[in-house]
Amino acid sequence: MKALFHINEPDRWPRVLLNINNFIKDVGPGGTSIVVVANGTGVLAYSQGKKELIRQMEDLHGQGVVFAACRNALNMNNIREDSLPPFITVVPAGITEIVKRQGEGYAYIKP
Amino acid sequence: MKALFHINEPDRWPRVLLNINNFIKDVGPGGTSIVVVANGTGVLAYSQGKKELIRQMEDLHGQGVVFAACRNALNMNNIREDSLPPFITVVPAGITEIVKRQGEGYAYIKP
Amino acid sequence: MKALFHINEPDRWPRVLLNINNFIKDVGPGGTSIVVVANGTGVLAYSQGKKELIRQMEDLHGQGVVFAACRNALNMNNIREDSLPPFITVVPAGITEIVKRQGEGYAYIKP
């Protein structure tokens, strides 16, 4: 089961991570392919997020979850790519990533 | 035409129900398969919703609309399953339901 | 690449238009088919939008972007169809349009 989570507001992160944790718990290990695409101010959490959020993301990344950041959004928010945690994947445009992934069969979810 | 409506905030219910009513009116009876998946605090309306909302849901249920509640969300909000109106379907995880349904050709809508 | 943007809140317009501009810039001219479906109070910008927003929409329309308005939403907000800018396409029901387009392979995005 392939799922893409879209986040463009910083306060939605706890909800997104809870949703992913519950999804993995329900489907079982190895049963999912999960991508999170952050654009807009959703990318703020990657550089300025609380330690607990980053720790949860790292844990999920260790379980195979991809965390992507839109480069346009990073630029607009003056976030340098080399300031991001190493587990973040930077994509040229968040919307392109979202459209591509849906074309590959990923379900879209906006928590 | 198959449509899945996702709701995770209680104040969106009037909008969701209006959207569904307009959709059914436009497509005609028998032309749709509609599922509403509530997770997060979206499930609150099922147990604490105003009578008018519940009445509208019951009416739509009578027209074939499925109203689903995420069990994780019910637990987090201390809602007992046996306190729900009988027309509610409880699913183990709302996100899994959303992913599955999109895989079956349901369009995703987040009102 | 086919993308459908759904907007049902007026304050999301700048975000929607920025997303579309970045998407077109990333994919290149001629590489996209883009539809914006406005329902709920999202339609207000079509008749009462700031000149700068309308100008941006017109520019994108010139690049092939379709801007659709839900007739139910226009009626609910007392907006006459003949008061809309000429580049707006009125559809009988926004939800039907969203469901149809996803069936035609359009990715869904809710900015």
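The structure we're discussing is the one just above.
All values derive from a computational prediction rather than experimental measurement.

Visitor: Whenever I open this one, the packing of aromatic side chains confuses me. Can you help?
Guide: Centre distance and the angle of the planes are the two values used to describe a pair of aromatic rings. This structure, assessed with the given rule, holds 12 aromatic pairs over all chains. Note on Trp13(A) and Tyr46(A): the rings are 5.4 Å apart at their centroids and 55 degrees apart in plane angle, and the pair reads as tilted. Within this pair, whereas Trp13(A) is found in helix 1 (residues 13–27), its partner Tyr46(A) is found in helix 2 (residues 44–48), the two being separated by 33 residues in sequence. Of the two residues, Trp13(A) and Tyr46(A), neither departs from the other in class, the shared state being buried. A centroid spacing of 5.6 Å and a plane angle of 75 degrees characterise the contact between Tyr108(A) and Tyr108(B), whose relative ring orientation is edge-to-face.

Visitor: Looking at this structure, how should I read the sheet that holds strand 2 (residues 33–38) of chain B?
Guide: By way of backbone hydrogen bonds, the strands of a sheet pair with one another, either parallel or antiparallel. Residue and element names in this part refer to chain B. Strand order in this open sheet of 5 strands is 4-3-2-1-5, and the pairing throughout is parallel. A single partner strand is all that each edge strand has here, and the edge strands are strand 4 (88–91) and strand 5 (107–109). Across this sheet, the average inter-strand angle for adjacent strands is 25 degrees, counted without regard to direction. Examined bridge by bridge, strand 1 (residues 2–7) and strand 2 share 6 bridges and lie parallel to one another. Its bridge partner lying in strand 2, Ile-7 is registered against Ala-38.

Visitor: What exactly am I supposed to notice about the nonpolar core here?
Guide: One recurring pattern in soluble globular proteins: nonpolar side chains tend to sit buried together. Among the nonpolar cores identified, the biggest contains 124 residues, and Trp13(A), Trp13(B) and Trp13(C) are the most heavily contacted of them. Sequence-distant contacts of Trp13(A), that is, excluding residues within four places in its chain, are made with Ile7(A), Val36(A), Ala38(A), Gly42(A), Ala45(A), Tyr46(A), Leu53(A), Met57(A) and Phe67(A).

Visitor: What's the story with the relation of the copies chain B and chain A in this structure? I'm lost.
Guide: The pair of chain copies shares a relation made of a rotation about an axis and a shift along it. For the pair chain B and chain A, the superposition axis carries a translation of 0.0 Å, the fit reaches an RMSD of 0.0 Å, and the rotation angle comes to 120 degrees. Interpreted geometrically, this transformation is the action of a three-fold axis.

Visitor: Mind showing me how you'd approach the interface of chain C and chain A here?
Guide: Each partner contributes residues to the interface: chain C has 17 residues there, and chain A has 16 residues. Regarding the contact of chain C and chain A, the summed buried area is about 1,300 Å², with carbon and sulfur atoms giving 61% of it. Taken as a group, Met1(C), Asp26(C) and Ile109(C) account for 30% of the area that chain C buries against chain A, more than any other trio of residues on that side. Seen at the junction of chain C and chain A, the total is 2 salt bridges. Between Glu9(A) and Arg12(C) there is a salt bridge, with its nearest N and O atoms 3.6 Å apart.

Visitor: Can you walk me through the packing of helix 5 (residues 94–103) of chain A against helix 1 (residues 13–27) of chain C in this structure?
Guide: Helix-helix packing is described using two parameters, namely the angle between the two axes and the distance between the axes. For the pair helix 5 of chain A and helix 1 of chain C, the least separation of the axes is 8 Å and the interaxial angle reads 75 degrees. Classified by the angle their axes make, helix 5 of chain A and helix 1 of chain C are roughly perpendicular. Here Ile95(A), Thr96(A) and Val99(A) of helix 5 of chain A come into contact with helix 1 of chain C, specifically with Asn19(C), Phe23(C), Asp26(C) and Val27(C). Here the contact of helix 5 of chain A with helix 1 of chain C is composed, by residue class, of 4 nonpolar, 2 polar and 1 charged.

So, how was this worked out
- Residues numbered from 1 in each chain as written.
- Chains lettered and ligands numbered in written order.
- Predicted model: local features only at pLDDT ≥ 70, side-chain atom pairs only at ≥ 80, totals over all residues.
- Heavy atoms only, no water.
- Phe/Tyr/Trp six-rings, centres within 6.5 Å; stacked < 30°, edge-to-face > 60°.
- Helix = DSSP H or I, 4+ residues; strand = E, 2+ residues; numbered from the N terminus.
- Buried < 20%, exposed > 50% of the residue type's maximum accessible area, 1.4 Å probe, protein only.
- Pairing = 2+ DSSP bridges.
- Axes fitted to C-alpha atoms, helices over the stretch in contact; angles between N-to-C directions.
- Core = buried A, V, L, I, M, F, W, Y, C linked by side-chain atoms within 4.5 Å.
- Contact = heavy atoms within 4.5 Å.
- Least-squares fit on C-alpha atoms with pLDDT ≥ 70 in both.
- Buried area = accessible area lost by both parts, 1.4 Å probe.
- Salt bridge = Lys/Arg side-chain N within 4 Å of Asp/Glu carboxyl O.
- Parallel < 35°, antiparallel > 145°, perpendicular 65-115°, else oblique.
- Nonpolar A, V, L, I, M, F, W, Y, C, P; charged D, E, K, R; others polar.

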